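Now for the letters of each chain:
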Amino acid sequence: SALVLMLALALIVRGGVRHVNRAAPIFLSVVILSIILLLLGIFLFAGGVYKGALSWSDRDFGDNVKPDFEKTDDPPQPKPDFQSLIALFYPSVTGIMAGCNRSGVLAQPSRSIPIGTLSAILCTTSLYLLVVWVFGSVLSHETLLDNPYVTADVAWPHPVVVKVGIIMSSLGAALQSLTGAPR
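The following paragraphs examine the structure supplied in this document. Within each chain, residue numbers correspond to sequence positions counted from 1 in written order. It should be noted that, the model being predicted, local features are given only for residues of pLDDT at least 70 and side-chain atom pairs only at 80 or more, the latter also being counted only at that level, while totals for whole chains, interfaces and linings use all residues. With hydrogens and water excluded, all non-hydrogen atoms of the structure serve as input to the side-chain values.

### Things to note about the overall build of the chain
Part 1 of the argument: In DSSP terms, a helix is any run of H or I states spanning at least four residues, a strand is any run of E spanning at least two, and both are numbered starting from the N terminus. Along the chain, the regular secondary structure elements total seven helices and zero strands.
Part 2 of the argument: When the elements of the chain are put in sequence order from the N terminus, they spell out α-α-α-α-α-α-α.
Part 3 of the argument: Residues counted as buried form 27% of the 183 residues belonging to the chain.
Part 4 of the argument: What makes two residues a contact is simply this: any of their non-hydrogen atoms within 4.5 Å. If you take every contact in the chain between residues at least 6 apart in sequence, the share linking residues at least 24 apart comes to 73%.
Part 5 of the argument: Method for areas: the Shrake-Rupley scheme with a 1.4 Å probe, in which residue coverage is limited to the protein chains shown. Here the chain displays about 12400 Å² of accessible surface, and carbon together with sulfur accounts for 68% of that area. The rule is simple: take the accessible area with a 1.4 Å probe, protein chains only, and divide by the maximum for that residue type; under 20% is buried, over 50% is exposed, in between is partly exposed.

Structure representation (structure tokens):
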């Protein structure tokens, strides 16, 4: 199935930048819708209206206000260092840079690239901080530690919304990479 998707993306790119420009908003729209439904799900969960694949005991306001380090008998995990934290944030910035590869279609690249890049970084950073703050404010400490799929589990109306958003984001990034690489 990955080869079929890659072939479909290659055919879109082969059709030219015009076809890529037609396909890109579709990918972006699905990703934005996925993010909106994820946030809607967490707000509905906070309000006690919708619980998704979680239980009501997973909701605990203020549980993450204070630091709560746990002692365990498990082997010690390596402490996060600067490089591992950058690795967490880096993917949000690399997709933004794909737009710079297509600077040839801009009317004023020297003006548009810095404004677009900084705006995109500000937008993704704000979104990251919002999601971390909302999840930390609403969900219990144990849920955040024990459930690696908590974002999908709380998405409204179904966990598949987040999975589709992740796939479309990846396909959109691949499409941009295939377009920008030859340039």
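Back to the write-up after that little detour.
### Description of the packing of aromatic side chains
When we look at a pair of aromatic rings, we describe it by the centre distance and by the angle of the planes.
Part 1 of the argument: Here the aromatic set is Phe, Tyr and Trp, taking the six-membered ring for Trp, and pairing holds for ring centres within 6.5 Å; pairs whose planes are under 30 degrees apart are stacked, those over 60 apart are edge-to-face, and all others are tilted. Under the counting rule described, the total for this entry stands at one aromatic pair.
Part 2 of the argument: Ring geometry for F45 and W56: centres 5.8 Å apart, planes at 10°, overall stacked. Of the two residues, F45 is situated in helix α2 (residues 17–46) and W56 in the loop between α2 and α3 (82–97); the sequence distance between them amounts to 11 residues.
Part 3 of the argument: Judged by relative accessible area, which is 0%, F45 ranks as buried.

### A short note on the nonpolar core
Part 1 of the argument: In this structure, I42, F45, L54, F135, V138, L139 and V154 are the most contacted members of the largest nonpolar core, which totals 16 residues.
Part 2 of the argument: The set of elements that each furnish at least two residues to this core consists of α2, α4 (109–138) and α6 (150–154).
Part 3 of the argument: The element that contributes the greatest number of residues to this core is α2, accounting for five residues.
Part 4 of the argument: Once you skip the residues sitting within four places of it in the chain, L54 turns out to touch F45, L139, T143, N147, V150, D153 and V154. Joining through side-chain atoms within 4.5 Å is the link that ties buried Ala, Val, Leu, Ile, Met, Phe, Trp, Tyr and Cys residues into a set, and such a set is a nonpolar core.

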